[in-house]
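Each chain, written out:
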Amino acid sequence: MRILVIEDEKDIAAAIEKVLKRDGYAVDLAANGSSALELIDINEYDLVILDLMLPDISGFEVLEKLRKNSQDTRVIIVSANHTTGDRVKGLDLGANDYVVKPFDFDELRARIRALLRRDFTSKLNVMVESGFEIDLSSKRVTYSSKELILTLKEFSIFSHLVQNKGKYINAEELYRHVWNEESNPFTEVMRVHIYSLRKKINEITGKNNVISTTKGLGYIFKGE
Ligand code: CA
(Lines give C-alpha, C1' and ligand atoms only; values in the text may rest on other atoms or scores of the structure.)
Protein backbone atom coordinates (compact mmCIF):
# COMPACT_ATOMS: atom_id res chain seq x y z
CA MET A 1 0.00 0.00 0.00
CA ARG A 2 1.51 3.25 -1.09
CA ILE A 3 0.50 6.64 0.25
CA LEU A 4 1.45 10.14 -0.89
CA VAL A 5 1.39 12.86 1.75
CA ILE A 6 1.05 16.35 0.26
CA GLU A 7 1.81 18.79 3.04
CA ASP A 8 4.05 21.86 3.20
CA GLU A 9 4.31 22.04 6.99
CA LYS A 10 7.38 19.92 7.62
CA ASP A 11 6.52 18.89 11.19
CA ILE A 12 3.05 17.69 10.26
CA ALA A 13 4.35 15.86 7.18
CA ALA A 14 7.06 14.12 9.22
CA ALA A 15 4.60 13.14 11.95
CA ILE A 16 2.13 11.67 9.44
CA GLU A 17 4.95 9.86 7.65
CA LYS A 18 6.18 8.31 10.88
CA VAL A 19 2.77 7.05 11.91
CA LEU A 20 1.94 5.62 8.49
CA LYS A 21 5.29 3.88 8.11
CA ARG A 22 4.78 2.28 11.48
CA ASP A 23 1.48 0.93 10.14
CA GLY A 24 3.37 -0.69 7.27
CA TYR A 25 2.57 1.68 4.41
CA ALA A 26 5.14 2.93 1.91
CA VAL A 27 5.06 6.73 2.15
CA ASP A 28 6.20 9.52 -0.18
CA LEU A 29 6.15 13.19 0.75
CA ALA A 30 5.51 16.24 -1.42
CA ALA A 31 5.93 19.74 0.03
CA ASN A 32 4.10 21.56 -2.75
CA GLY A 33 1.51 21.01 -5.45
CA SER A 34 3.80 20.76 -8.45
CA SER A 35 6.11 18.12 -6.96
CA ALA A 36 2.98 16.25 -5.85
CA LEU A 37 1.71 16.20 -9.43
CA GLU A 38 5.08 14.95 -10.67
CA LEU A 39 5.02 12.08 -8.18
CA ILE A 40 1.40 11.26 -9.07
CA ASP A 41 2.45 11.13 -12.70
CA ILE A 42 5.25 8.63 -12.04
CA ASN A 43 3.79 6.46 -9.31
CA GLU A 44 0.54 4.73 -8.54
CA TYR A 45 -0.82 5.63 -5.14
CA ASP A 46 -3.48 3.77 -3.23
CA LEU A 47 -4.20 6.85 -1.19
CA VAL A 48 -3.31 10.54 -1.08
CA ILE A 49 -3.41 12.79 1.98
CA LEU A 50 -3.92 16.29 0.70
CA ASP A 51 -3.41 19.64 2.39
CA LEU A 52 -5.34 22.49 0.75
CA MET A 53 -3.11 25.49 1.47
CA LEU A 54 0.06 24.77 -0.46
CA PRO A 55 2.81 27.27 -1.38
CA ASP A 56 2.27 27.06 -5.14
CA ILE A 57 -1.00 25.73 -6.49
CA SER A 58 -3.96 24.93 -4.26
CA GLY A 59 -4.83 21.44 -3.07
CA PHE A 60 -8.10 21.73 -4.99
CA GLU A 61 -6.15 22.11 -8.22
CA VAL A 62 -4.00 19.09 -7.36
CA LEU A 63 -7.16 17.09 -6.70
CA GLU A 64 -8.75 18.14 -10.00
CA LYS A 65 -5.68 17.06 -11.96
CA LEU A 66 -5.34 13.83 -10.02
CA ARG A 67 -8.96 12.91 -10.73
CA LYS A 68 -8.49 13.41 -14.47
CA ASN A 69 -6.06 10.49 -14.50
CA SER A 70 -7.12 8.34 -11.61
CA GLN A 71 -10.49 7.44 -10.20
CA ASP A 72 -9.10 4.69 -7.98
CA THR A 73 -6.73 6.62 -5.76
CA ARG A 74 -8.43 7.43 -2.45
CA VAL A 75 -8.04 11.03 -1.34
CA ILE A 76 -8.34 12.42 2.17
CA ILE A 77 -8.20 16.20 2.46
CA VAL A 78 -6.54 17.27 5.68
CA SER A 79 -7.02 20.96 6.15
CA ALA A 80 -7.42 23.73 8.69
CA ASN A 81 -10.26 25.07 6.54
CA HIS A 82 -13.35 23.89 8.29
CA THR A 83 -15.99 25.82 6.41
CA THR A 84 -18.80 23.84 4.83
CA GLY A 85 -17.95 25.46 1.49
CA ASP A 86 -14.46 23.96 1.35
CA ARG A 87 -15.67 20.62 2.52
CA VAL A 88 -18.36 20.51 -0.15
CA LYS A 89 -15.96 21.72 -2.83
CA GLY A 90 -13.41 19.06 -1.87
CA LEU A 91 -15.95 16.27 -1.95
CA ASP A 92 -17.41 17.57 -5.21
CA LEU A 93 -13.97 17.48 -6.79
CA GLY A 94 -13.67 13.83 -5.84
CA ALA A 95 -12.11 13.66 -2.39
CA ASN A 96 -13.26 10.61 -0.43
CA ASP A 97 -12.95 12.12 3.01
CA TYR A 98 -12.18 15.40 4.78
CA VAL A 99 -10.35 15.75 8.08
CA VAL A 100 -10.06 19.10 9.87
CA LYS A 101 -6.75 20.17 11.44
CA PRO A 102 -5.74 19.75 14.19
CA PHE A 103 -6.66 16.10 13.92
CA ASP A 104 -6.19 12.99 15.96
CA PHE A 105 -3.74 10.51 14.45
CA ASP A 106 -5.75 7.49 15.48
CA GLU A 107 -8.77 8.95 13.73
CA LEU A 108 -6.76 9.61 10.58
CA ARG A 109 -5.41 6.04 10.65
CA ALA A 110 -8.91 4.64 11.07
CA ARG A 111 -10.20 6.70 8.15
CA ILE A 112 -7.32 5.50 5.98
CA ARG A 113 -8.06 1.89 6.88
CA ALA A 114 -11.74 2.36 6.11
CA LEU A 115 -11.02 3.89 2.70
CA LEU A 116 -8.49 1.24 1.73
CA ARG A 117 -10.89 -1.49 2.80
CA ARG A 118 -13.60 0.00 0.63
CA ASP A 119 -11.16 0.03 -2.25
CA PHE A 120 -10.28 -3.60 -1.81
CA THR A 121 -13.79 -4.90 -1.44
CA SER A 122 -14.63 -3.37 -4.80
CA LYS A 123 -11.66 -5.25 -6.23
CA LEU A 124 -10.32 -8.60 -5.16
CA ASN A 125 -9.84 -9.21 -1.49
CA VAL A 126 -8.10 -12.53 -1.48
CA MET A 127 -5.55 -13.83 -3.96
CA VAL A 128 -5.37 -17.59 -4.31
CA GLU A 129 -2.16 -18.75 -5.94
CA SER A 130 -0.16 -21.99 -5.91
CA GLY A 131 -1.68 -23.14 -2.63
CA PHE A 132 -1.32 -19.77 -0.95
CA GLU A 133 -4.26 -17.67 0.13
CA ILE A 134 -3.26 -14.05 0.48
CA ASP A 135 -5.73 -11.72 2.13
CA LEU A 136 -4.78 -8.21 1.10
CA SER A 137 -6.95 -6.42 3.62
CA SER A 138 -6.08 -8.36 6.74
CA LYS A 139 -2.54 -9.00 5.44
CA ARG A 140 -2.71 -12.68 6.31
CA VAL A 141 -1.30 -15.57 4.34
CA THR A 142 -2.23 -19.22 4.64
CA TYR A 143 -0.86 -22.28 2.88
CA SER A 144 -2.97 -25.46 2.95
CA SER A 145 -4.92 -23.83 5.80
CA LYS A 146 -1.75 -23.30 7.85
CA GLU A 147 -0.98 -19.71 8.68
CA LEU A 148 2.24 -18.23 7.35
CA ILE A 149 3.18 -15.59 9.89
CA LEU A 150 4.94 -12.70 8.17
CA THR A 151 6.10 -9.26 9.20
CA LEU A 152 4.44 -6.35 7.36
CA LYS A 153 7.49 -5.91 5.13
CA GLU A 154 7.68 -9.62 4.33
CA PHE A 155 3.98 -9.53 3.52
CA SER A 156 4.45 -6.57 1.18
CA ILE A 157 7.37 -8.26 -0.57
CA PHE A 158 5.54 -11.57 -0.91
CA SER A 159 2.24 -10.15 -2.12
CA HIS A 160 4.05 -7.95 -4.65
CA LEU A 161 5.99 -10.93 -6.04
CA VAL A 162 2.83 -13.04 -6.24
CA GLN A 163 0.93 -10.23 -7.97
CA ASN A 164 3.75 -10.18 -10.52
CA LYS A 165 3.93 -13.96 -10.86
CA GLY A 166 6.41 -15.11 -13.49
CA LYS A 167 8.14 -11.72 -13.70
CA TYR A 168 11.56 -10.88 -12.29
CA ILE A 169 11.36 -8.01 -9.84
CA ASN A 170 14.63 -6.35 -8.98
CA ALA A 171 15.53 -5.08 -5.54
CA GLU A 172 15.08 -1.48 -6.63
CA GLU A 173 11.48 -2.05 -7.71
CA LEU A 174 10.74 -3.97 -4.52
CA TYR A 175 12.14 -1.05 -2.56
CA ARG A 176 9.87 1.37 -4.37
CA HIS A 177 6.80 -0.69 -3.59
CA VAL A 178 7.60 -1.81 -0.10
CA TRP A 179 9.55 1.09 1.33
CA ASN A 180 9.67 4.46 -0.30
CA GLU A 181 11.55 6.24 -3.00
CA GLU A 182 14.69 7.29 -1.21
CA SER A 183 15.60 3.84 0.02
CA ASN A 184 18.97 2.59 -1.07
CA PRO A 185 18.63 -0.57 -3.16
CA PHE A 186 22.19 -1.55 -2.47
CA THR A 187 21.86 -2.16 1.23
CA GLU A 188 21.69 -5.60 2.73
CA VAL A 189 18.26 -4.93 4.18
CA MET A 190 16.28 -6.38 1.29
CA ARG A 191 18.38 -9.53 1.27
CA VAL A 192 17.74 -10.02 4.96
CA HIS A 193 13.97 -9.70 4.52
CA ILE A 194 13.97 -12.09 1.55
CA TYR A 195 16.08 -14.59 3.46
CA SER A 196 13.67 -14.57 6.37
CA LEU A 197 10.64 -14.76 4.05
CA ARG A 198 12.06 -17.73 2.14
CA LYS A 199 12.90 -19.52 5.35
CA LYS A 200 9.33 -19.15 6.62
CA ILE A 201 7.88 -20.27 3.29
CA ASN A 202 10.23 -23.24 3.20
CA GLU A 203 9.17 -24.28 6.70
CA ILE A 204 5.49 -24.25 5.85
CA THR A 205 5.59 -25.63 2.29
CA GLY A 206 8.66 -27.86 2.39
CA LYS A 207 9.77 -26.20 -0.86
CA ASN A 208 12.82 -24.01 -1.21
CA ASN A 209 12.17 -22.56 -4.66
CA VAL A 210 8.91 -20.70 -4.12
CA ILE A 211 10.84 -17.45 -4.48
CA SER A 212 13.92 -17.77 -6.63
CA THR A 213 16.72 -15.35 -7.27
CA THR A 214 18.74 -14.81 -10.40
CA LYS A 215 21.73 -12.56 -10.16
CA GLY A 216 21.27 -9.39 -12.18
CA LEU A 217 17.53 -10.02 -12.71
CA GLY A 218 16.09 -10.04 -9.25
CA TYR A 219 13.48 -12.09 -7.44
CA ILE A 220 10.70 -14.13 -8.94
CA PHE A 221 7.64 -16.05 -7.81
CA LYS A 222 7.14 -18.65 -10.51
CA GLY A 223 4.09 -20.36 -9.07
CA GLU A 224 3.16 -23.96 -9.70
CA1 CA B 1 -0.43 24.06 4.30
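Computed from a prediction, not measured in an experiment: that's the story for all the values here.

### Comments concerning the coordination of the calcium ion
- Within the protein, the atoms that donate to the calcium ion are D8 (OD), D51 (OD) and M53 (O), at distances of 2.2 to 2.4 Å.
- Each donor residue of the calcium ion belongs to the same chain, and together they define the spacing D-x42-D-x1-M.

### Quick word on helix α3 (residues 59–69)
- Buried within α3 are the following residues: G59, F60, V62, L63, L66 and R67. Buried residues along α3 cover an arc of 155 degrees about the axis, so they all sit on one side. In α3, those exposed residues whose orientation departs by more than 90 degrees from the buried face are K68 and N69.
- Contacts from the buried residues of α3 go to β1 (2–6), α2 (33–42), β3 (47–50), β4 (74–79) and α4 (84–92).

### Considering the sheet that holds strand β5 (residues 97–100)
- The strand order β2-β1-β3-β4-β5 describes an open sheet built from 5 strands, whose pairing is parallel. Each edge of the sheet is formed by a strand with only one pairing partner; in this case those strands are β2 (26–30) and β5. For this sheet, the mean inter-axis angle between neighbouring strands, taken without regard to orientation, is 20 degrees.
- Two elements, β1 and β2, share 5 bridges in a ladder whose sense is parallel. Of the residues in β2, the one forming a bridge with I3 is V27.

### Looking at the sheet that holds strand β9 (residues 146–148)
- Spatially, the 4 strands line up as an open sheet ordered β6-β7-β8-β9, and their pairing is antiparallel. Whereas interior strands pair on both sides, the edge strands pair on one side only; in this sheet they are β6 (126–129) and β9. Averaged over all pairs of adjacent strands, the angle between strand axes in this sheet comes to 25 degrees, irrespective of strand direction.
- Relative to strand β7 (residues 132–135), β6 runs antiparallel, the two being bridged by 4 bridges.

### Description of unusual backbone geometry
- Here the residue pair K101 and P102 is connected by a cis peptide bond, since its omega of -5 degrees sits within 30 degrees of zero.
- Relative to the elements of secondary structure, P102 occurs in the loop between β5 and α5 (105–122).
- In the Ramachandran plot, S130 falls in the positive-phi region, its phi being about 50 degrees despite a non-glycine side chain.
- Tracing the sequence through the fold places S130 in the loop between β6 and β7.

### What to know about the pattern of salt bridges
- Under the criterion given, the structure shown has 13 salt bridges.
- For E107, the salt bridge goes to R111, with nearest N and O atoms at 2.6 Å. Note that E107 and R111 are positioned in helix α5 at a spacing of 4 residues, about one turn of the helix.
- Residue classification places E107 among the partly exposed positions, given a relative accessible area of 35%.
- Taken together, the shared-partner salt bridges connect E7, E9, D51 and K101 into one network.

### Remarks on the domain arrangement of the chain
- Domains assigned within the chain are domain 1 (2–120) and domain 2 (126–221).
- Using only C-alpha atoms to locate each centre, domain 1 and domain 2 end up separated by 28 Å.
- Domain 1 puts 11 residues into the contact, and the matching count from domain 2 is 10 residues.
- The junction of domain 1 with domain 2 conceals about 830 Å² of combined surface from both sides, 49% of it contributed by carbon and sulfur atoms.
- The interface formed by domain 1 and domain 2 holds 0 salt bridges in total.
- Mapped onto the side of domain 1 that touches domain 2, the elements with two or more residues apiece are α1 (10–22) and β2.
- Looking at the side of domain 1 that touches domain 2 residue by residue, the class counts come to 4 nonpolar, 2 polar and 5 charged.

Rules and cut-offs
- Residues numbered from 1 in each chain as written.
- Predicted model: local features only at pLDDT ≥ 70, side-chain atom pairs only at ≥ 80, totals over all residues.
- Heavy atoms only, no water.
- Donors = N, O, S within 2.8 Å, 3.2 Å for Na, K, Ca; no water.
- Buried < 20%, exposed > 50% of the residue type's maximum accessible area, 1.4 Å probe, protein only.
- Helix = DSSP H or I, 4+ residues; strand = E, 2+ residues; numbered from the N terminus.
- Arc of directions from axis to C-beta.
- Contact = heavy atoms within 4.5 Å.
- Pairing = 2+ DSSP bridges.
- Axes fitted to C-alpha atoms, helices over the stretch in contact; angles between N-to-C directions.
- Salt bridge = Lys/Arg side-chain N within 4 Å of Asp/Glu carboxyl O.
- Domains from an automatic or database assignment.
- Buried area = accessible area lost by both parts, 1.4 Å probe.
- Nonpolar A, V, L, I, M, F, W, Y, C, P; charged D, E, K, R; others polar.

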